[in-house]
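Analysis of the macromolecular model
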Amino acid sequence: MSIEQVDRLVDVAALERLRQSIIEKRNPFQLRLRICNGTGCLASGADEVTAAFEAELTRRGLSAEINLVKSGCHGFCEKGPLVVVEPQETFYQRVKPEHVPAIVAATLDGKIVEELLYVDPATGERILHEQEVPFYRGQTRLVFGSNGTIDPTQIEDYIAIGGYSALAKALTQMSTAEIIDEVKRSGLRGRGGGGFPTGVKWESCRRADGDIKYVVCNADEGDPGAYMDRSLLEGTPHAVLEGMIIGAHAIGAHEGYIYVRNEYPLAVSNARRAIEQAMAYGLLGKDILGSGFDFKVSINRGGGAFVCGESSALMASLEGQVGEPRAKYVHTVEKGLWDRPTCLNNVETWANVPLIINRGADWYNQIGTEKSKGTKIFSLVGKVNNTGLVEVPMGIPLRDIIFDIGGGILDGKKFKAVQTGGPSGGFIPESLLHLPVDFDRLTEAGSMMGSGAMIVMDEGTCMVNMAKFFIDFLEEESCGKCVPCREGIDRMGEVLERITTGKGRMEDLELLEALADTLRLGSLCALGSTAANPVLTSLRYFRDEYIAHVVDKKCPAGECQALIQYSIISEKCTGCMVCVRECPSHAVTGKRREPAVIDLAVCSKCGVCYDVCRFDAVKRA
Amino acid sequence: MAAEMDSEKVQGILERHSERVNAIIDGYEGRKDLMISLLQDVQAEFNYVPRDAMVQISQRLDVPLSQVFSIATFFKAFNLTPRGRHLITVCDGTACHVRGGLRLIDKLDRDLGLTPGGTTEDGRFTLETVRCLGACALGPLMVIDGKYHGQMSSNKLDRTLRSYT
Ligand SMILES: Cc1cc2nc3c(=O)[nH]c(=O)nc-3n(C[C@H](O)[C@H](O)[C@H](O)COP(=O)(O)O)c2cc1C
Ligand code: FES
Ligand code: FES
């Protein structure tokens, strides 16, 4: 349906009539091919697969019989492009354009293309349905569930699954005080990192003085390694919008903004389209569903600065200024955007709202732990077998996420640490894998929930080097306005550089701790005050590794170039000459069928020989 | 004489530039708060943010040039110098880093003398690094001219680059 043709929904009854008519028009036995068109699958060629399906259906004259649906991300991006055949729900992975004719033929015959099914590495069995795959089995998909099943560019798809019914309920059956009370009682806490109770924030903003108020959706997602906000905004933009409209109504705001990273073009275009469609139906704009409530939303693209995810910096950037934070003696709920009361929430926080309004606080607060309610979407990445987005109830142990859902460590290596909370978070060692994921438990361990990145590291990852990675990141991203952050992070970087190059001293470890204190106490915003967390947790749980660098001048993980040497194990070397050919510094010499030799004076320690050797004959120590 | 022709030609290009910048500014109806989006559009048009464009924006929106400049330098997304024919973006976000993203950067340096922020002498490639593109499950990730290449390795890199001339 094109946007121009639709009738505005004048009241809730009209929305319900529309919903019924969409559902009735749909045949539950209809063959549908759902192709994931999320950024991950597109990166693996989903656009070519989609084009191949279109061509094949046209060629066979089946375009009317079989529907093609371009869905959002399913979470299991690593196995993409993903295709699901409805109504049987057959789940195909790693689909390439050349598989398309076989899939169409099998679908018409009621058959299955066996070789495209997922194979459970533990049992060797082929799995037919998505929800039976171990990666999905342990998940509870409340917020992210419809992401891979509907076409994000069709508002009708969202309406068909009950979309905008929470808005209808909030506008007609609840007072604004009741909405806020429901959100407060649900126990929902902000998913952007801080974990602030959402209902309390709404209430403060509602009470703040001022006729003009704003709601803002934080889709800056600066934490490198996290991508749930992008996937949600891309795949279910209407749930985010619906949450924002309900929030704005409760707070008394008539204007909203979505602040989204420029690196996320598909999220920008899907959100923009969702706004246009909601406007056309009168779910946004003037007199929403005949309630008298007016609300409009615009999109702002961020310029790729990590600090702009911070509330006051984000608002400065929305005003068209340089994104520097300010001291928050006065909260942004009182004086935010253009000094007016502003309620900022994260993408995932907003997307939880329709669920809470529809199913009620009493249902929602059954899920999770005492102080962390509901589910959380994590981006499980790094050295783990199954990487992707996972949604689990708060409170499940880290071990379950990494080993059951994630399927354990890549290449049979040994687990070393998981990093949560991004640059403001910390490393969690094996001894703490029983910890439940919960805002407070993770903070006690010296890390934090953050926005939900969970980066798994194995024995080959050097913790000192990783701490340095985060410090380097923050050094670039510090806006430079306050001295403790600008200078403190710089100094920490220098100390870590010393340690990783073998020039460290034992006093350096205490120096790092002292610098961390200064940062925590003296910084203007949370970028600085939490910046030392990766360093502190690595010192706390992996001090031995620091000592090995400082005292023995060794990097046990074999990552710090200055502290390692490459050599050839002559007993294993077959003389295949691959390393001799590939070495960019010409440091490896040898003859065919004779062990090669590395000239350490010439070796640049690039590790190419180590990577190319098929016989494990290159030693790194 | 030849020099005159050249400067005429340059003048022509500049005028066409300024028309394109004007058209972009027109789309924003004088809204200063959308400066970042405006600069993004300018960058998308020219591949970088030319100095003249900043002057023009400053004059037309009545904003000090220093402010336009400070925004263009604060945010990573903006380039103030022209770029090569193909833009390579290597992700050095945490997930890609852990899976060996830096190796790709080292290799580009070794093979093409290409360092982050730099352009090859023949103008073929410009290299940028980014902290996360939001496709972390496919790390290490690299993007060439907007096309994503996931699960990159040194070998795959060689093969991939060959198709960009
Ligand atoms: C340096 C820094 C970066 C941040 N980046 C983000 C971000 O990318 N996305 C986000 O939602 N919140 C981010 N936050 C948290 C926000 O300041 C704010 O607490 C959050 O958006 C509020 O929404 P919530 O209560 O729904 O979590 C960041 C905070 C800091 C200090
Ligand atoms: S993009 Fe397809 S599963 Fe994530
Ligand atoms: S860390 Fe590379 S895409 Fe996220």
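If you're wondering where the values come from, they're calculated on a predicted model, not measured in any experiment. (Residues numbered from 1 in each chain as written. Chains lettered and ligands numbered in written order. Predicted model: local features only at pLDDT ≥ 70, side-chain atom pairs only at ≥ 80, totals over all residues. Heavy atoms only, no water.)

1. Concerning the sheet that holds strand β3 (residues 83–86) of chain A
Residues and elements named next belong to chain A. Within the open sheet, the four strands sit side by side as β2-β1-β3-β4. Their pairing is mixed. With partners counted over all chains shown, the strands left at the sheet margins are β2 (66–71) and β4 (90–92), one partner each. The mean inter-strand angle of the sheet, taken between neighbouring strand axes irrespective of direction, is 20 degrees. With six bridges connecting them, strand β1 (residues 31–36) and β2 associate as parallel partners. Along β2, the bridge assignment pairs L31 with I66. In the packing of helix α3 (residues 46–59) onto the sheet, contacts are made with β1, β2 and β3, and the angle to β2 comes to roughly 170 degrees. Contacts from helix α4 (residues 100–108) reach β1, β2, β3 and β4 within the one sheet, and its direction differs from that of β1 by about 150 degrees. (Pairing = 2+ DSSP bridges. Helix = DSSP H or I, 4+ residues; strand = E, 2+ residues; numbered from the N terminus. Axes fitted to C-alpha atoms, helices over the stretch in contact; angles between N-to-C directions. Contact = heavy atoms within 4.5 Å.)

2. Points about the pairing of strand β2 (residues 125–130) of chain B
Residue and element names in this part refer to chain B. Among the six residues in β2, five count as buried, and that is most of the element. Inspection of the sheet shows strand β1 (residues 86–91) paired to β2 by six bridges, in the parallel sense. Bridging from a neighbouring strand, L87 pairs with T126 of β2. (Buried < 20%, exposed > 50% of the residue type's maximum accessible area, 1.4 Å probe, protein only.)

3. Focus: the site of ligand 1
All names here are of chain A. Taken together, 18 residues lie near ligand 1, and G192, N218, N345, N346 and T349 sit nearest. For ligand 1, an oxygen atom lies 3.0 Å from a polar atom in the side chain of K201. Relative to its unbound accessible area of 610 Å², ligand 1 is 88% covered by the protein chains. At the level of elements, β10 (342–346) and α21 (526–529) are the ones that each hand at least two residues to the shell around ligand 1. (Near = heavy atom within 4 Å. Polar contact = N/O pair within 3.5 Å; in protein donor to acceptor, adjacent residues only side chain to side chain. Areas by Shrake-Rupley, 256 points an atom, 1.4 Å probe, with all protein chains shown as cover.)

4. Some thoughts on the packing of helix α18 (residues 463–477) of chain A against helix α23 (residues 543–552) of chain A
Residues and elements named next belong to chain A. Across the interface, α18 lies against α23 with an axial gap of 8 Å and an inter-helix angle of 95 degrees. Here α18 is positioned roughly perpendicular relative to α23, judged by the angle of their axes. Counted together, M463, V464 and A467 of α18 and E545, Y546 and H549 of α23 form the full contact between these two elements. Here the contact of α18 with α23 is composed, by residue class, of four nonpolar, one polar and one charged. (Parallel < 35°, antiparallel > 145°, perpendicular 65-115°, else oblique. Nonpolar A, V, L, I, M, F, W, Y, C, P; charged D, E, K, R; others polar.)

5. Some thoughts on the interface of chain A and chain B
Facing 60 residues of chain A, the contacting portion of chain B comprises 38 residues. Summed over both sides, the interface of chain A with chain B buries roughly 3700 Å², with 54% coming from carbon and sulfur. In this structure, the salt-bridge partner of R103 of chain B is D611 of chain A, at a minimum N-O distance of 3.0 Å. Where chain A meets chain B, there are 11 residue pairs in polar contact (both at pLDDT 80 or more). Of all the elements in the fold, those that place two or more residues in the side of chain A that touches chain B are α2 (39–43), β8 (255–261), β9 (296–302), α13 (311–318), β11 (375–382), β15 (453–458), α18 and α25 (608–612) of chain A. Sort the elements by how many residues they give to the side of chain A that touches chain B and α18 of chain A lands first, with seven residues. The residue inventory of the side of chain A that touches chain B, partitioned by class, reads 27 nonpolar, 17 polar and 16 charged. (Buried area = accessible area lost by both parts, 1.4 Å probe. Salt bridge = Lys/Arg side-chain N within 4 Å of Asp/Glu carboxyl O.)

6. Description of the state of the cysteines
All names here are of chain A. What the rule picks out here adds up to zero disulfides over all chains. Left unpaired, C579 is separated from the closest cysteine sulfur, that of C573, by 5.9 Å. Of the residues examined, C579 reaches a relative accessible area of 11% and is grouped as buried. (Disulfide = S-S within 2.5 Å.)

7. Considerations on helix α2 (residues 35–46) of chain B
All names here are of chain B. In this model α2 runs 17 Å from its N-terminal to its C-terminal C-alpha over 12 residues, within 8% of the 16 Å that 1.5 Å per residue would give. Among all positions of α2, only M35, I36, S37, L38, L39, Q40, V42, Q43 and F46 are buried. One or two steps after α2, the chain reaches N47, where phi turns positive at roughly 80 degrees. (Expected span 1.5 Å × (residues − 1).)

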